[in-house]
Amino acid sequence: HDTHTMIQEMVNQEDVEALKKCFSSRMEFGTAGLRAAMGPGISRMNDLTIIQTTQGFCQYLEVSFENLKERGVVIGYDARAHPPSGGSSKRFASLAAAVFISRGVPVHLFSDITPTPFVPFTVSHLGLCAGIMVTASHNPKQDNGYKVYWENGAQIISPHDKGISKAIEENLEPWPKSWNIEEALKSSLLKNPYKNIYTDYFKAIQKHCCHREINRSSEVKIVHTSVHGVGHIFVQEAFKAFELHPPYAVEEQKNPDPEFPTVKYPNPEEGEGVLTLSFALAEKEGASVVLANDPDADRLAMAEKQESGSWRVFTGNELGALLGWWMFHCWKQQNTDVCAVKNLYMLSSTVSSKILRAIAVKEGFHFEETLTGFKWMGNRARDLLDQGKTVLFAFEEAIGYMCSPSVLDKDGVSAAAIAGEMISYLSTKSTTLSQQLTTVFNDYGYHISKNSYFICHDQDVIHSLFERLRNYSGQKDSYPSECGCFSITAVRDLTTGYDSNQPDNKAVLPTSRSSQMITFTFSNGGVATMRTSGTEPKIKYYTELCAAPGLSDVTSLNKELDELVEAIIEHFFQPQKNKLQPKPE
């Protein structure tokens, strides 16, 4: 009814643009599932589009699994809600459950909000066919999303997205019982996994607790914020599972609130603005470290008070370096067998820091790089685990960390507890996080990165910007050989599948025509990737300088990276000519 009222208002005001936005094109179901604003119309998240999506997904699963009715699916949701249209994560999850139950499929529907990682955990733990998480993670408050996991416990990859998308198109008319939430909630096919999964999850992550004695006696004070999302009780419980002192919770942000009243964007990646209240609490309590989750608690940010009194927010790459070092440090203490390291793997995405590669080369374990997005790392981790390998750690620079193979996706809850233990351990050595990061860089070589983005709403501009780089000297496949005064030694284009480093010029990683992504390698050891975002109107860039161990003049390394970034912006992005908006300060 609320969506109908919203439409009526648009009609009364003759707001053709608004109506077009809602009705001109159907939301596209991709490997990330759905992500859109809640509201009326086929391009928005609402009761009807949720039912249509779930009908398609259900039918695709029926075709894919003969035993779907024995095994079933799990459905979780966050605390998002949109009063104007009546949509909410909980309602959408209930509708999705009704669709499956109307087809005789058992549904494990959480009775309350959970972190996103609980869904992939449940898929793996209970051996289900699939999982759905209704969340828009750190997007603005009007958005929601529908994230899908396969039976292997990882997010779906192609061709499943195409298959599901096609099945949605073939099942647009709601089935007779799809609307019937009341009946579904009474069905014997509906189970509530909350209590058991809660217990089993916190039992599972304790495998990664290596220093109980230290945790018990630690004096370290840590502040935690869940940024109005679901994380609070789960991170408190995770600290308890590791016998760490509970973190101080930011009172104004600890309870779920779909309005996100204290922040402009509920995204801890945006840094300081989101952490203002955390810093204030830390000053009051004398805490030296702040941990922050995004609203669905699958990502983790960390900041530390410096001697100068200012706060340092670690980048996703820096926290990745620290956690990677820590996971290997703990593994080495527990594994004295010299040969075991040959079975050990760490993963990161191709736009993330190469620091894990440097650690792997020196320590003798394996490092692999995947395409951007945790779906690739989750699926690759599953393959390696199936071959009897140990996957110790995976991360992406967008503050996503996978520290435990019991969740094949990023998990900000287990990462928070593991970070808490690392902080406690370092304090017994009178070492700060910043000092430890310097040690890691001194041991394995400095890896400094600078990532940002431009906003661009015009697809044609984006297209011509990337096409210009592909035909730089006027000929096809003539990529630039220099950028300002920096010479380029290799180019990899994962949109077209070109890679100058390979003998046949063919890229090894999978390619995708639907998104833009070009990586340049420079003669000074710099690497830069330009790519479009799947969920936002952004052209992102990721740059890194990797120095050999022993080259520790950080100032000149930073200066060189700054100059490289300036050259890339001036010559490759051309923000004036292309009317690109810079990242808001």
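Rules behind the numbers
- Residues numbered from 1 in each chain as written.
- Predicted model: local features only at pLDDT ≥ 70, side-chain atom pairs only at ≥ 80, totals over all residues.
- Heavy atoms only, no water.
- UniProt positions renumbered as here; feature names shortened; annotations may be inferred.
- Helix = DSSP H or I, 4+ residues; strand = E, 2+ residues; numbered from the N terminus.
- Buried < 20%, exposed > 50% of the residue type's maximum accessible area, 1.4 Å probe, protein only.
- Polar contact = N/O pair within 3.5 Å; in protein donor to acceptor, adjacent residues only side chain to side chain.
- Contact = heavy atoms within 4.5 Å.
- 1 Å grid on protein atoms, 1.4 Å probe; cavity = no way out; pocket = protein on both sides within 12 Å on 5 of 7 lines; lining within 4 Å.
- Points joined across faces, edges and corners; volume = space filled by probe spheres on them.
- Nonpolar A, V, L, I, M, F, W, Y, C, P; charged D, E, K, R; others polar.

An unreviewed UniProt entry lists the chain under the name Phosphoglucomutase 2, with Neogobius melanostomus given as the organism. Reading the Cofactor (unreviewed entry) entry of the UniProt record for the chain gives the comment "Mg(2+)". Its UniProt record, at the heading Subcellular location (unreviewed entry), says of the chain: "Cytoplasm".

Let's shift gears to the side chain of Asn 46. As for its position among the elements, Asn 46 is in the loop between strand 1 (34-37) and helix 3 (47-64). Taking relative accessible area as the criterion, Asn 46 reaches 9% and is therefore assigned buried. One polar contact links the side chain of Asn 46 to the main-chain carbonyl oxygen of Gly 41, over a distance of 2.9 Å. One polar contact links the side chain of Asn 46 to the main-chain amide nitrogen of Leu 48, over a distance of 3.1 Å. Non-local contacts of Asn 46, meaning those with residues more than four positions away in its chain, are made with Thr 3, Gly 39, Pro 40, Gly 41 and Phe 92.

Below, the discussion takes up unusual backbone geometry. In this structure, Pro 159 follows Ser 158 across a cis peptide bond, with omega equal to 5°. We note that Phe 260 has phi near 45°; this positive angle belongs to a residue other than glycine. Its place among the elements puts Phe 260 in the loop between strand 10 (248-249) and helix 12 (272-285). A positive phi angle, near 60°, is found at Asn 505, a position not held by glycine. Relative to the assigned elements, Asn 505 resides in the loop between strand 21 (498-499) and strand 22 (517-522).

Turning our attention to empty space enclosed by the protein. Enumeration according to the criterion identifies two cavities of 30 Å³ or more in this entry. Counted as a void, the largest cavity has a volume near 80 Å³. Val 351, Ser 352, Tyr 542, Thr 543 and Glu 544 are the residues nearest the centre of the largest cavity, which is lined by 13 residues in total. Elements that contribute at least two residues to the lining of the largest cavity include exactly strand 18 (447-455), strand 23 (526-532) and strand 24 (538-546). Here the element with the most residues in the lining of the largest cavity is strand 24; it accounts for three residues. Of the residues in the lining of the largest cavity, the class split is three nonpolar, eight polar and two charged. By volume, the second largest cavity is sized at about 40 Å³. Of the residues that constitute the lining of the second largest cavity, the class distribution is four nonpolar, two polar and two charged.

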